[in-house]
Amino acid sequence: MWDYSDKVKDHFFNPKNAGAVVNANAIGEVGSISCGDALRLSLKVNEDSEVIEDAGFQTFGCGSAIASSSVLTEIIKGMTLDEALKVTNQDIAAELDGLPPEKMHCSVMGREALQAAVANYRGEEWKDDHEEGALICKCFAIDAVMIEEMVWANKLRTVEDVTNYTKAGGGCAACHEDIEAILEKVLKERGESFDPTAASIEKEAVVAEKKPLTNLQRIKKIEEVLTALRPQLMADGGDVELVEVIGNTAYVNMTGACNGCQMAAMTIAGIQQRLMEVLGEFIKVVPASEMSKLVNIQEASHA
Amino acid sequence: MHDIYLDNNATTQVDRAVVDAMMPFFTEQFGNPSSIHRFADGVARGIKKARSQVQELLGAEHDSEIIFTSCGTESDSTAILSAIKAQPNRKEIITTAVEHPAILSLCDYLEKEGYTIHRMPVDKCGRLNLEAYKNLLSDQVAIVSVMWANNETGNIFPVEQMAEMANAAGVMFHTDAVQAVGKIPMMLQDTKIDMLSVSGHKLHAPKGIGVLYLRRGTRYRPLLRGGHQERGRRAGTENTASIVGLGKACELAMEFMEFENNQVKAMRDRLERGIVEQIPHCFITGDINNRLPNTTDIAFEYIEGEAILMLLNKAGIAASSGSACTSGSLEPSHVMRAMDIPYTAAHGTIRFSFSRYNKMSEVDEVLKVMPDIAAALRKLSPYWDSVNNAPVTDPEQAFQPTYA
Ligand SMILES: Cc1ncc(COP(=O)(O)O)c(C=O)c1O
């Protein structure tokens, strides 16, 4: 059985706000019975203030799907719609004290149902744009679709490349056989063949700095790296912006398709990895939205 | 209330008598059976006895047809890889869509290596089409591998007949009998089965011990080469204590065969009848009249298996599920998909598997809690109409996701 946190178990065994809200004026439905996960979120929104006065869920799914739905309704009750839209799937997972990597999609589903409900209230159309594939890297929760897209977009050739760009395979390494299979497939489609001994495309670019950086140098370098990564992010319909650097922590704004989706966490991890390689020092990349949560911003530099 | 274990197809408790038989082989009987001093004598005798106990349960003609391995998976791999190595010109393998991953993953891998894999489909009850099977048999086929009994549904395949058909076509036949051994009486010497896999931990022996039955005269290539253990057919110093344990477990399985097919079956039958009678919208999957006596697999519509298991677990009841979520994949079990069980039910399948250690009173305990568990989860389900206590009319229509 999964190693669920006590919070997940608590929300599963004692779900909050189960059932449909009467007089709901915003309804979001995501998933389908064929996928084994389906969630209907119903909200009662105050028409003047846009405050979510009541929220209810109906979920077909496993323990963590039910727990994610339950905790989501608790998080968003009392928020305005705009505030609620800022809730990320990581917020949902964090509120549950974490989810196993295989189960992160449950928190994504919660966030998507919320977006769909808000779109429904506002009379907009909401489109989901991310596809989920088989989970390949269990250490960093990275699926086959993500890896395949990165291999295509960046002409990756080796397992090391894939790890550099997506983090997949950077942990226990048990998925390297699966990553090689993806490389073989894509390279074949590109008319090349997979060579496990090929040089990593990253190698020549990485020249780590020897001396400790001043803060100004650090900011400049970070800007350079972000500029270099931007085309890649934009290809996925997203963007990144540096907001603040405090000590070793870089606060960034993820916008567009990157914002809030499961991809954001991976993208941030990828950016962090790249920054560490180029700067030759430990850098933590954090969404700027986390900044307001810090009681004392100075503490961040000592964290 | 004590915990109730109904997951015996996953693994079983080691029998006390098996543990007792094993103990001396961790302590005074520690010698290497290949040695020629007196420390080895008792150990070699222990293994010899175990071999004949296994032979007896399988109904093998010779005790040298029993090769001890490290698990059921090793036996499966050894059988298939041996067949293709011994017959390099044959590039096809026949198996079924519902085999255990021990067979299917290996076949997927061999497919990448250039082999043609025929994965025979099953009908809605999990049955094979023998006419189609007959047409697949040819001199291109290196081996047929068909499980004797399915681990999820308990369905029994007609392997004896299928082995005859393979033999008539000059094709080697292997069966993964991991779930069948100890529950179905066998007399392998009267069959045309060439190879058969056993796993100890499914019949009250320890984990990490298995057997490959290899009919005398069957062409064979070892998986592990090295010392002369198992007559050179499986090198590596013997897992002596576990081998002795498996021997004892086979002797006990022989004794309890009647019990398994009467008392154990009676518990299973009572449980599934009780569930189907008390809970609306659930059904037994598979070939109901042709199953292992200890297994039932029940699909609960409109609710999900892992959620059911978590609530059962809270009530002290252990079972398992073919739901996608329990394995971390997005698809429900390949066995359910192969039987074309509708998605509204496939995600909610629960397997209850009994052993001789279960009691009728435990069945009553499960019947007490199961209806409430199904009702509680259905209350949460968007596909269930709590007011009328029935599925929403046309669930696929009632639920209109923005995307699917
Ligand atoms: C049908 C079948 N084959 C093979 C195996 C694998 O056996 P082992 O765990 O001993 O490798 C199992 C066990 O789950 C099984 O049920």
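Just so you know, these numbers come straight off a predicted model, no measurement behind them.

Reading guide: rules and limits
Residues numbered from 1 in each chain as written. Chains lettered and ligands numbered in written order. Predicted model: local features only at pLDDT ≥ 70, side-chain atom pairs only at ≥ 80, totals over all residues. Heavy atoms only, no water. Pairing = 2+ DSSP bridges. Helix = DSSP H or I, 4+ residues; strand = E, 2+ residues; numbered from the N terminus. Contact = heavy atoms within 4.5 Å. Axes fitted to C-alpha atoms, helices over the stretch in contact; angles between N-to-C directions. Disulfide = S-S within 2.5 Å. pLDDT = per-residue confidence, 0-100. Buried < 20%, exposed > 50% of the residue type's maximum accessible area, 1.4 Å probe, protein only. Phe/Tyr/Trp six-rings, centres within 6.5 Å; stacked < 30°, edge-to-face > 60°. Lys NZ or Arg CZ within 6 Å of the ring centre and 35° of its normal. Parallel < 35°, antiparallel > 145°, perpendicular 65-115°, else oblique. Left-handed = near helix turned anticlockwise from the far one by under 90°. Domains from an automatic or database assignment. Buried area = accessible area lost by both parts, 1.4 Å probe. Salt bridge = Lys/Arg side-chain N within 4 Å of Asp/Glu carboxyl O. Polar contact = N/O pair within 3.5 Å; in protein donor to acceptor, adjacent residues only side chain to side chain. Patch = residues over 30% accessible without salt bridge, like charges linked within 9 Å, V, L, I, M, F, W, Y side chains within 5 Å. Areas by Shrake-Rupley, 256 points an atom, 1.4 Å probe, with all protein chains shown as cover. Lys, Arg positive; Asp, Glu negative; His and termini not counted. Charge placed at Lys NZ, Arg CZ, Asp CG, Glu CD. Near = heavy atom within 4 Å.

Right, let's talk about the sheet that holds strand β9 (residues 282-284) of chain B for a bit. Pairing between the strands of a sheet is mediated by backbone hydrogen bonds and can be parallel or antiparallel. All names here are of chain B. Judged by pairing direction, the sheet is antiparallel, and its four strands sit side by side in the order β9-β10-β13-β12 without closing on themselves. Strands at the two margins of the open sheet, each flanked by one partner only, are β9 and β12 (320-321). Its contacts with the sheet put helix α7 (residues 240-278) on β9, β10 (295-300) and β13 (349-353), and the angle it makes with β10 is roughly 10 degrees.

Tallied over the entire structure, the rule returns zero disulfides over all chains. A disulfide-free cysteine, Cys250 of chain B has its sulfur positioned 16 Å from the sulfur of Cys71 of chain B, the nearest such atom.

It is worth spelling out the confidence of the model for chain A at this point. All names here are of chain A. Summing up the model confidence of chain A, the mean pLDDT is 83 and the portion of residues at 70 or higher is 86%. For residues 203-209, every residue scores under 50 in pLDDT, and the model assigns this stretch eleven contacts once sequence neighbours within four places are set aside. Note that pLDDT drops below 50 for residues 295-303; the model gives that stretch seven contacts with residues more than four away or on any other chain.

Turning to unusual backbone geometry, a few remarks are in order. The phi torsion of most residues other than glycine is negative, and most of the peptide bonds are trans. All names here are of chain B. Positive phi, close to 55 degrees, is recorded for His281, a residue that is not glycine. Note that His281 resides in the loop between α7 and β9. With a phi close to 70 degrees, Tyr302 is a non-glycine residue in the positive phi region. Along the chain, Tyr302 falls in the loop between β10 and α8 (305-314). Note on Tyr302: relative accessible area 8%, which makes it buried.

Another aspect to go through is the packing of aromatic side chains. Throughout the structure, instances matching the rule amount to five aromatic pairs over all chains. A ring pair is formed by Phe12 of chain A and Phe13 of chain A, whose centres lie 5.1 Å apart and whose planes are at 65 degrees; its orientation type is edge-to-face. We classify Phe12 of chain A as buried; its relative accessible area is 3%. Aromatic side chains Phe60 of chain A and Tyr383 of chain B sit 5.6 Å apart centroid to centroid with 80 degrees between the ring planes, which places their arrangement in the edge-to-face category. On the criterion of chain membership, the pair formed by Phe60 of chain A in strand β3 (residues 52-60) and Tyr383 of chain B in the loop between α12 (360-380) and β14 (384-385) is interchain, its members lying in two chains. Under the relative-accessibility criterion, Phe60 of chain A is labelled buried at 1%. Stacked on the ring of Phe39 of chain B, the Lys or Arg Arg38 of chain B has its end atom at 5.3 Å from the ring centre.

The next thing to look at is the packing of α7 of chain B against α12 of chain B. All names here are of chain B. Where α7 meets α12, the closest approach of the two axes is 10 Å, and the angle between their N-to-C directions is 15 degrees. One finds that α7 runs roughly parallel with respect to α12. Every pair of crossing elements has a handedness; the one defined by α7 and α12 is right-handed. Residues Ala266, Met267, Arg270, Leu271, Gly274, Ile275 and Gln278 of α7 form the contact with α12, whose participating residues are Met360, Val363, Asp364, Val366, Leu367, Met370 and Pro371.

All names here are of chain B. As far as domains go, chain B holds domain 1 (4-8 + 257-381) and domain 2 (16-253). Summarising the inter-unit geometry, the C-alpha centres of domain 1 and domain 2 are found 28 Å apart. Taken together, the contact pairs 25 residues of domain 1 with 29 residues of domain 2. Together domain 1 and domain 2 conceal approximately 2,300 Å² of surface at their shared face, both sides included; 54% is due to carbon and sulfur atoms. Of all residues in domain 1, Met257, Leu292 and Arg356 bury the most surface against domain 2, accounting for 27% of the area lost on that side. The interface formed by domain 1 and domain 2 includes one salt bridge. Across the contact surface, domain 1 and domain 2 share ten residue pairs in polar contact (both at pLDDT 80 or more).

A word on a positive patch on the surface. A contiguous patch of positive charge, built from Lys85, Arg219, Arg221 and Arg225 of chain B, is present on the exposed surface. For Arg219 of chain B, the position within the fold is in the loop between β8 (210-214) and α7.

All names here are of chain B. Taken together, 13 residues are adjacent to the ligand, and Thr73, Asp176, Gln179, Ser199 and Lys202 come closest. Note that a nitrogen atom of the ligand is positioned 2.6 Å from one of the side-chain N or O atoms of Asp176. Gln179 places a polar side-chain atom, nitrogen or oxygen, 2.8 Å from an oxygen atom of the ligand. In isolation the ligand has 390 Å² of accessible area, and contact with the protein removes 86% of it.

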